[in-house]
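Spelled out from the first residue to the last, the chains are:
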Amino acid sequence: MSSKIAILTNSHRSDDVRLHGKIGTSLAKIADVRIFAPIGLDDFDLNPSVSIIPNATKFTYLQNAYHLIKSYKPDIIVCVEPLTLIVGQKLKREIGCKLVYDVHEYFSLAMGERLFSPFKQLANFLYSRIEKKLFSKTDLVITVNNHLRKYYRRYSLDTITCANYPHLKGCEQHEGKKQYDIVYVGGVYQERGILKILKAISILKNKHPDFKAVIAGEFKNRDFQNKYEKTIIDLNLTKHVLFMGMLPHCQVYDLLVKSRIGICLLDPRIKRYQLGVPIKVIEYLEAGLPIIANDFQQIRDIIEHQELGYCIPYNSRVLSDKIDLLLQKNDDYFLQTAMKSRELVRTELNWETQEPLLLTKIQSLMPILTNQKHMLLFAYFYPPLGGSGVQRPVKLTKYLWNEGWDTDVITVKNIVFHSEDESLLQESRATHVYRTSSLDPMALMKKATISKESNQKIYFGTPEKIKRFIRRSFPIDDKIGWIPFAYLAGVKATSMRHYDAILVTVGPYSAAIAAYRLAKLRQIPLFMDYRDPWTLYHYLTYISKLHFRHAHSWEKKLLNYSTGITVISEGMKNDLCKNFGDHLADKIHVMFNGWDETDFTDLVKKEPSKIIRMSYIGSLYGNRTAKYLLQAMRELKQNHALPSDLEITFLGNYYAEEQNVLLQSRLGSQLKIITQQQHREALDLMYNSDILVLIVASVDGDYISTGKIFEYVRCQSIILGLVPPNGDAAMILRKFGHSLICPMEDVQKIKELILEAYQKATLKAGEGMLFQEYSREEQTKKFIKFVENRLGQHS
């Protein structure tokens, strides 16, 4: 392999599970990897290889590391602790390697917690300032959880989460004969709750004379070992507790499957313990154990929400009570818990789910092949923002990368928005994401000293007519305050790298002006992607004719200047040609939103229910409203014609007017409202709905089609299309075999179609056909051909 990666640690062994067994082994699939560590054995024959560095002092260790790694000449250096970044920064300056920071610990918190109060906060502050200086030049930050990721992303760093989950194939799964009632694995420290566990055992032994516990791990120091051994004697636990010491990973697994309950009880006074999920919790799940652990949010989300044990306070009495409660469970409980926990690890909590993102991000930092092409994408709406407008740009980066196009993204940071979706950020395949400030209303609201709850209340509580008035008052649109920031970010990006094309996705339409000015300055071909119409959009009106003419002239200028234009429907293409000239036809390409097949890989159809579920997933804004649908259902109910087992669910965040429409529906328990979920959870509801509702207002025009239409058809459920019957949305539905279509405002026809959809749904059969050419992957391939063809003509 031509690329080299160095992994540098100043405190871990060379065979550390995360550094060697996960990160090192994964990266060895794409490069030659060498781990530089203070402890272990030199081994230059394998990949990853190992180089042990003399470590008389911290300073001499870093000096020796610098010289050894410089002679290795890596393309990328992965630094594991803050001090190793000193070496990383120096090597980046001198040999031009990329710098990656793997953050597996809350370093500043850990430093502060080693000291006595009142110096903890001061030490935490000073250490965090020093660390910030050290990581400021990194090209990528890898964190072990999303809490850490949010911290580093505040500094506009490219950041990903690679959770410290176990390998699926670490050990062969098998059931062992149960020899121990409880098990603890990990560091044997006082702050890991060891003495609390021993106290709980002393309470339990009176009720369970044969109670057996096993502890496997390494003592923190000799002082605590003495304290542990004295406690064992004082509490008379010699017959009840077996200490195994440090064990290899597979021996740990053998020990776990011989146990009934896994224990993880951490001292809550140590703040960093509250912010993550200990690896031992995942190991317990992998072995199929019910777990008793701290009542921390991150742990509770896994254990209690999945009914895999108990989350408790840091208390020996409560711990003993919960252990006793679990020991009274029958074998079926333990069997069902084992099945659920192992399935959770198999599908979600494993290293194999983390590896693809790691490899993609690291590959993006490697020396670029000569045939690699580069695109700069302007996308105001980009993860971690959620919602339909985010899907198109993030999926583009994903499949552009697969086809040999490297993408950098310019987007906004820190705005008030209706939803966030961290899962979409994990899908981003952008090499760099440049997040800029802005002076638009949503960004300014975020900058104000208002709580998140207050911002959300203002955002959703302000009547839509007021917000529409504000939007209409701006020339172009209300995001015009982003133009200078986006433009300057583009100037900086293009000064550091060559780009073959600039792509801007609109709205907001102000983004197109920033992209146009940059393209003109740098003489780079400009491509313009319409997710929504601009001046031809009926919903988007201006406060004066002067505002409209200004926007219309800009749209005409941009269309004529652009090398290529993409739109979401044939109707939109025809409308642009009709209003701005037929000469645009050859440079307009229809790129449907499509569906991402990988989103559906692990979705499972649930067992048929007695309830017929009808669902609407997504936003309701502008002219798009559910009031006619709900009126139709209300009239059916008043006439005793609405089936009692028909339930309608709305999933999303809704503005003040639409909230009132939903809350005043008078449908009682037949109406469910679920707040905005991450994309995965929304898809699961969509996939397991019998009827899916699509809404497009007639006044918005025939060529408006929502992004979710293709995900709907991929679910192959019945679709109730409340859309213009002659528009693009209706055409797409009919193409895929869906015929229940009528205008959004036709209450009488909606009533008829609801009953027809219900009758079809009672058969519990799927509906519609699939054409793979409409998947996002295939649509991106066609887009690339269009771009490369236009670039050929442009040159």
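Scroll up to find the structure this text is about.
Nothing here was measured: the structure is a model prediction, and the numbers come from that model.

A. Examining the overall build of the chain more closely. For the chain, the helix and strand inventory stands at 30 helices and 26 strands. Here the chain has a C-alpha radius of gyration of 29 Å; the compact-globule value for 795 residues is 28 Å, and the two agree. For the chain, the spread of C-alpha atoms along the three principal axes comes to 85 × 70 × 50 Å. In the chain, buried positions account for 57% of the 795 residues. Between the averaged position of the 105 positive side-chain charges in the chain and that of its 86 negative side-chain charges there is a distance of 5 Å.

B. Geometry of helix α29 (residues 747-761). Between its first and last C-alpha atoms α29 spans 21 Å; for 15 residues at 1.5 Å apiece the expected length is 21 Å, and the two agree. Along α29, the residues classified as buried are V747, I750, K751, L753, I754, A757, Y758 and A761. Its buried side turned inward, α29 meets β21 (612-617), α24 (627-638), β22 (646-651), β24 (691-695), β25 (718-722) and β26 (741-742).

C. Region of interest: the packing of aromatic side chains. For the coordinates displayed, the defined rule picks out 29 aromatic pairs. Note on Y516 and W554: the rings are 5.7 Å apart at their centroids and 80 degrees apart in plane angle, and the pair reads as edge-to-face. Here the residue Y516 occupies a position in helix α21 (residues 510-522), and W554 occupies one in helix α22 (residues 545-561), the gap between them amounting to 38 residues. Assigned by exposure class, Y516 and W554 land together as buried. Taken together, F592, W595, F710, F736, F771 and Y774 form an aromatic cluster joined through their ring pairs. Its guanidinium or amino end placed over the ring of Y189, K220 lies 5.6 Å from that ring's centre, counting from NZ or CZ. Positioned above the aromatic ring of Y310 is the side chain of K322, whose terminal nitrogen or guanidinium carbon lies 4.6 Å from the ring centre.

D. Focus on the nonpolar core. Of all hydrophobic cores here, the largest spans 141 residues; its most connected members are F378, Y530, W534, L629, F650 and L720. If one sorts the elements of this core by residue count, α21 sits on top with eight residues. Discounting residues that sit within four places of it in the chain, L629 has contacts with I648, F650, V693, L720, L722, I750 and I754. Grouped together as the second largest cluster of nonpolar side chains are 64 residues, Y180, I261, F296 and L349 included.

E. Spatial organisation of the sheet that holds strand β10 (residues 241-243). Taken together, the six strands give an open sheet; going across it, the order is β10-β9-β8-β11-β12-β13, and neighbouring strands pair in parallel fashion. Single-partner strands in this sheet number two, and they are β10 and β13 (309-312). Taken over all neighbouring pairs, the strand axes of this sheet differ in orientation by 20 degrees on average, direction set aside. Examined bridge by bridge, strand β11 (residues 259-264) and strand β12 (residues 291-294) share three bridges and lie parallel to one another. Considered in β12, the bridge of I263 is made with I292. Packed on one face of the sheet, helix α7 (residues 194-207) meets β8 (180-185), β9 (213-216), β10 and β11 and runs near 170 degrees to β8.

F. Fine view of a nonpolar patch on the surface. A contiguous nonpolar patch, built from I466, F469, I470 and I543 and spanning about 340 Å² of accessible area, is present on the exposed surface. Along the chain, the position of I470 falls in helix α19 (residues 464-473). Residue classification places I470 among the partly exposed positions, given a relative accessible area of 38%.

G. Highlighting the pattern of salt bridges. Under the definition given, this model contains 28 salt bridges. Residues K70 and E94 are paired through a salt bridge, measuring 3.2 Å at the closest nitrogen-oxygen approach. With K70 in helix α2 (residues 58-72) and E94 in helix α3 (residues 84-95), this residue pair connects regions lying 24 residues apart in the sequence. Residues D478 and K479 are paired through a salt bridge, measuring 3.1 Å at the closest nitrogen-oxygen approach. Under the relative-accessibility criterion, K479 is labelled buried at 8%. Salt bridges sharing common partners tie together K395, K398, E427, D596 and D599.

H. Representation of α24 within the structure. With 12 residues, α24 should reach 16 Å at 1.5 Å per residue; the first-to-last C-alpha distance of 16 Å fits that figure. Looking at α24, one finds that the buried residues are L629, L630, A632, M633, R634 and L636. Downstream of α24 by one or two residues, H640 has phi in the positive range, about 60 degrees.

I. Geometry of the pairing of β13. Direction of pairing for β12 relative to β13: parallel, over a ladder of four bridges. Among the inter-strand pairings, I292 is bridged to a residue of β13, identified as Y310. The parallel pair β12 and β13 is bridged by helix α11 (residues 297-303), and the resulting crossover is right-handed.

J. Main features of the sheet that holds strand β4 (residues 76-79). One open sheet holds the seven strands; their spatial order is β3-β2-β1-β4-β5-β6-β7, and the pairing between them is parallel. Looking at strand neighbours, the two that pair on one side only are β3 (49-52) and β7 (159-161), the edges of this open sheet. The sheet shows a mean angle of 20 degrees between the axes of neighbouring strands, taken without regard to direction. Looking at chain direction, strand β6 (residues 140-143) and β7 are connected through three bridges and run parallel. Each residue of the ladder has a partner; that of T143, found in β7, is T161. Sitting on the sheet, α2 touches β1 (4-8), β2 (32-37), β3 and β4, and the angle it makes with β2 is about 165 degrees.

K. Quick look at the environment of L62. Tracing the sequence through the fold places L62 in helix α2. For the pair formed by L62 and L8, sequence separation is 54 residues and the distance between their alpha carbons is 9.7 Å. Not counting residues within four places of it along the chain, the set of residues in contact with L62 comprises L83, T84, I86 and V87.

L. Representation of the environment of S364. By secondary structure assignment, the location of S364 is in helix α14 (residues 351-365). Taking the C-alpha atoms as reference, S364 lies 7.5 Å from D406; in sequence the two are 42 residues apart. Setting aside chain neighbours within four positions, we find S364 in contact with W401 and T431. At 2.5 Å, the side chain of S364 forms a polar contact with the backbone oxygen of K361.

M. Just the environment of E81, in detail. Counting through the fold element by element, E81 comes out in the loop between β4 and α3. In this structure the C-alpha to C-alpha distance between E81 and E105, which are 24 residues apart in sequence, comes to 8.6 Å. Among the polar contacts made by the side chain of E81, one reaches the main-chain amide nitrogen of N10 at a distance of 2.9 Å.

N. Seen up close, the side chain of H240. Note on placement: H240 falls in the loop between α8 (222-234) and β10. You can call H240 buried: its relative accessible area is 8%. In this structure the side chain of H240 is engaged in a polar contact, spanning 2.9 Å, whose partner is the backbone oxygen of F211. Not counting chain neighbours up to four residues away, the residues in contact with H240 comprise I201, K205, P209, F211, K212 and A213.

Conventions we followed
- Residues numbered from 1 in each chain as written.
- Predicted model: local features only at pLDDT ≥ 70, side-chain atom pairs only at ≥ 80, totals over all residues.
- Heavy atoms only, no water.
- Helix = DSSP H or I, 4+ residues; strand = E, 2+ residues; numbered from the N terminus.
- Rg over C-alpha atoms; globule rule 2.2 N^0.38 Å.
- Buried < 20%, exposed > 50% of the residue type's maximum accessible area, 1.4 Å probe, protein only.
- Lys, Arg positive; Asp, Glu negative; His and termini not counted.
- Charge placed at Lys NZ, Arg CZ, Asp CG, Glu CD.
- Expected span 1.5 Å × (residues − 1).
- Contact = heavy atoms within 4.5 Å.
- Phe/Tyr/Trp six-rings, centres within 6.5 Å; stacked < 30°, edge-to-face > 60°.
- Lys NZ or Arg CZ within 6 Å of the ring centre and 35° of its normal.
- Core = buried A, V, L, I, M, F, W, Y, C linked by side-chain atoms within 4.5 Å.
- Pairing = 2+ DSSP bridges.
- Axes fitted to C-alpha atoms, helices over the stretch in contact; angles between N-to-C directions.
- Patch = residues over 30% accessible without salt bridge, like charges linked within 9 Å, V, L, I, M, F, W, Y side chains within 5 Å.
- Areas by Shrake-Rupley, 256 points an atom, 1.4 Å probe, with all protein chains shown as cover.
- Salt bridge = Lys/Arg side-chain N within 4 Å of Asp/Glu carboxyl O.
- Right-handed = clockwise from strand over helix to strand, strands pointing away.
- Polar contact = N/O pair within 3.5 Å; in protein donor to acceptor, adjacent residues only side chain to side chain.

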